[in-house]
Amino acid sequence: MIADMQRRTLETFEMLERDQQGLSTSNALLAVVNSMRLLPGRKSVIFFSEGVAIPANVAARFRSVIDTANRANVSIYAMDAGGLRTESSSKETRDGVMAAAERNLQRNPTADITGAAMTTALERNEDLLRHDPHSGLGQLADETGAILIRNTNDLTGGFRRIDQDMRNYYMLSYVPKNPTLDGKFRQISVRVKRSGLDVAARKGYYAVRAEGPMPVMSFEAPALALLESTPVPNAFPIRAAALRFPETER
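Quantities reported herein were computed from a predicted structural model and do not represent experimental measurements.

**What to know about the pattern of salt bridges**
Summed over all chains, the structure comprises ten salt bridges. As a salt-bridge pair, Arg63 and Glu143 come within 2.7 Å of each other at their nearest N and O atoms. One end of the pair, Arg63, is in helix α2 (residues 59–71); the other, Glu143, is in the loop between α5 (133–142) and β3 (148–149), and 80 residues separate them in sequence. Classification of Glu143 by relative accessible area gives buried; the value is 15%.

Next up, the structure:
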């Protein structure tokens with residue numbers, strides 16, 4: 001029982017620590033990106049990190065960083081500060097997923113009572129995939145129209161690629177045919193006719209009005225869209241009353 005208590009303590013602390021790290025990184029990026037919002041033209045941020053943990057509790061905030069960067073016209077270039085690794089993080093993630101799957105296959109659910117849900121291993125697999133440093137850094141760079149520098153100790157080459165990408169790009173704009181601000185994510189796809197080219201472009205945007213100084217979180221988009229509708233929907237009745245506490249008689 002003591003060993004099980006220690007194991008649960010370590011698991012809980014590890015989970016809370018990953019949440020805190022992910023929220024700290026996301027909040028810092030939100031502050032930097034939002035401060036550049038009023039500057040004209042395309043802006044760039046070079047972000048050094050050994051990886052961004054994106055557990056379930058951080059996913060919405062991390063998604064908001066990407067959306068805010070796209071609205072502010074900021075591209076986030078990510079550099080893997082871990083440099084050249086002897087074993088790739090993808091291999092570590094794959095080994096962890098395979099080991100968890102093997103343990104789950106060998107367990108007898110009727111005889112090996114663990115006191116945990118049968119989906120615990122699947123949740124652990126998802127956590128391992130989210131914890132891959134290249135997963136978060138790659139998503140951050142790819143969906144803001146930038147590039148990820150990884151698996152290298154040569155920062156000069158990485159900076160040269162970033163400098164070239166910042167100096168040579170096409171700025172395209174358009175007016176969407178659908179003017180309704182419904183709060184949904186609208187995907188953008190950019191294609192070129194010439195073969196052998198890699199296109200780095202924004203992946204889309206949330207159809208909401210965002211003119212204030214505060215960034216719009218992804219989970220706030222549906223509510224903001226409802227406030228923009230005319231008439232404002234009233235999905236449920238609201239009652240208001242004045243109550244006084246305490247009452248001496250009851």
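**Points about a nonpolar patch on the surface**
On the surface, Ile46, Phe48, Leu155 and Phe159 cluster together into a nonpolar patch covering about 350 Å² of accessible area. Mapped onto the elements, Ile46 comes out in strand β1 (residues 43–49).

**A word on the nonpolar core**
Counting residues in hydrophobic clusters, the biggest one holds 27 residues, and the most contacted among them are Phe47, Val74, Ile76 and Leu140. Looking at this core, the elements with two or more residues in it are α1 (2–35), β1, α2, β2 (74–80), α5 and β3. Broken down by element, the residue count for this core peaks at five residues, all from β2.

**Quick word on the layout of surface pockets**
Of the pockets and cavities examined, the largest pocket occupies roughly 1600 Å³. Taken together, 36 residues make up the lining of the largest pocket; nearest its centre are Tyr170, Val190, Ala200, Ala201 and Arg202. Where the lining of the largest pocket is concerned, the elements lending two or more residues are α2, α5, α6 (155–167) and β5 (204–206). Looking at the lining of the largest pocket residue by residue, the class counts come to 17 nonpolar, ten polar and nine charged.

**Comments concerning the environment of Gly158**
Here Gly158 lies in helix α6. In the structure, Gly158 is positioned 80 residues away from Ala78 in sequence and 10.0 Å away in space, judged by C-alpha atoms. Leaving out residues up to four positions away in the same chain, Gly158 has contacts with Met79 and Ile149.

**Section: the packing of α1 against α2**
Contact geometry of α1 with α2 gives a least axis separation of 9 Å together with a crossing angle of 15°. Classed by the angle they form, the pair α1 and α2 counts as roughly parallel. For α1 against α2, the interelement crossing comes out left-handed. Residue-level contacts link Leu23, Ser26, Asn27, Leu29, Leu30, Val33 and Asn34 of α1 to Arg61, Phe62, Ser64, Val65, Thr68 and Ala69 of α2. Here the residues of the contact of α1 with α2 sort into seven nonpolar, five polar and one charged.

**Some thoughts on the side chain of Thr68**
Here Thr68 lies in helix α2. When residues no more than four places from it in sequence are discounted, the contact partners of Thr68 are Leu30, Val33, Asn34, Pro215 and Val216.

**Examining the packing of aromatic side chains**
Tallied over the entire structure, the rule returns two aromatic pairs. Judged by centre distance (6.2 Å) and plane angle (55°), the ring pair of Phe48 and Phe159 falls under tilted. On the criterion of sequence distance, the pair formed by Phe48 in strand β1 and Phe159 in helix α6 is long-range, its members being 111 residues apart. Seen from their ring centres, Phe185 and Tyr206 are 5.2 Å apart, and the 65° between their planes marks the pair as edge-to-face. Placement of Phe185 in strand β4 (residues 185–187) and of Tyr206 in strand β5 is noted, with a sequence separation of 21 residues between them. On the accessibility criterion, Phe185 (35% relative accessible area) is partly exposed. When its relative accessible area of 14% is taken as the criterion, Tyr206 is described as buried. One Lys or Arg, Arg42, reaches over the ring of Tyr169 and ends 4.5 Å from the middle of that ring.

**Quick look at unusual backbone geometry**
Omega for the bond connecting Thr230 with Pro231 falls within 30 degrees of zero, at -5°, which places this linkage in the cis form. Summarising the element assignment, Pro231 is placed in the segment after α7 (221–228). The omega torsion of the bond from Phe245 to Pro246 falls at -10°, within 30 degrees of zero and hence cis. Tracing the sequence through the fold places Pro246 in the segment after α7. In this structure, Asn73 takes a positive phi of about 60° despite not being glycine. Here Asn73 shows up in the loop between α2 and β2. Owing to a relative accessible area of 18%, Asn73 belongs among the buried residues under this scheme. The residue Asn151 is not glycine, and still its phi comes out positive at about 55°. Position of Asn151 among the secondary structure elements: in the loop between β3 and α6.

How each quantity is defined
Residues numbered from 1 in each chain as written. Predicted model: local features only at pLDDT ≥ 70, side-chain atom pairs only at ≥ 80, totals over all residues. Heavy atoms only, no water. Salt bridge = Lys/Arg side-chain N within 4 Å of Asp/Glu carboxyl O. Helix = DSSP H or I, 4+ residues; strand = E, 2+ residues; numbered from the N terminus. Buried < 20%, exposed > 50% of the residue type's maximum accessible area, 1.4 Å probe, protein only. Patch = residues over 30% accessible without salt bridge, like charges linked within 9 Å, V, L, I, M, F, W, Y side chains within 5 Å. Areas by Shrake-Rupley, 256 points an atom, 1.4 Å probe, with all protein chains shown as cover. Core = buried A, V, L, I, M, F, W, Y, C linked by side-chain atoms within 4.5 Å. 1 Å grid on protein atoms, 1.4 Å probe; cavity = no way out; pocket = protein on both sides within 12 Å on 5 of 7 lines; lining within 4 Å. Points joined across faces, edges and corners; volume = space filled by probe spheres on them. Nonpolar A, V, L, I, M, F, W, Y, C, P; charged D, E, K, R; others polar. Contact = heavy atoms within 4.5 Å. Axes fitted to C-alpha atoms, helices over the stretch in contact; angles between N-to-C directions. Parallel < 35°, antiparallel > 145°, perpendicular 65-115°, else oblique. Left-handed = near helix turned anticlockwise from the far one by under 90°. Phe/Tyr/Trp six-rings, centres within 6.5 Å; stacked < 30°, edge-to-face > 60°. Lys NZ or Arg CZ within 6 Å of the ring centre and 35° of its normal.

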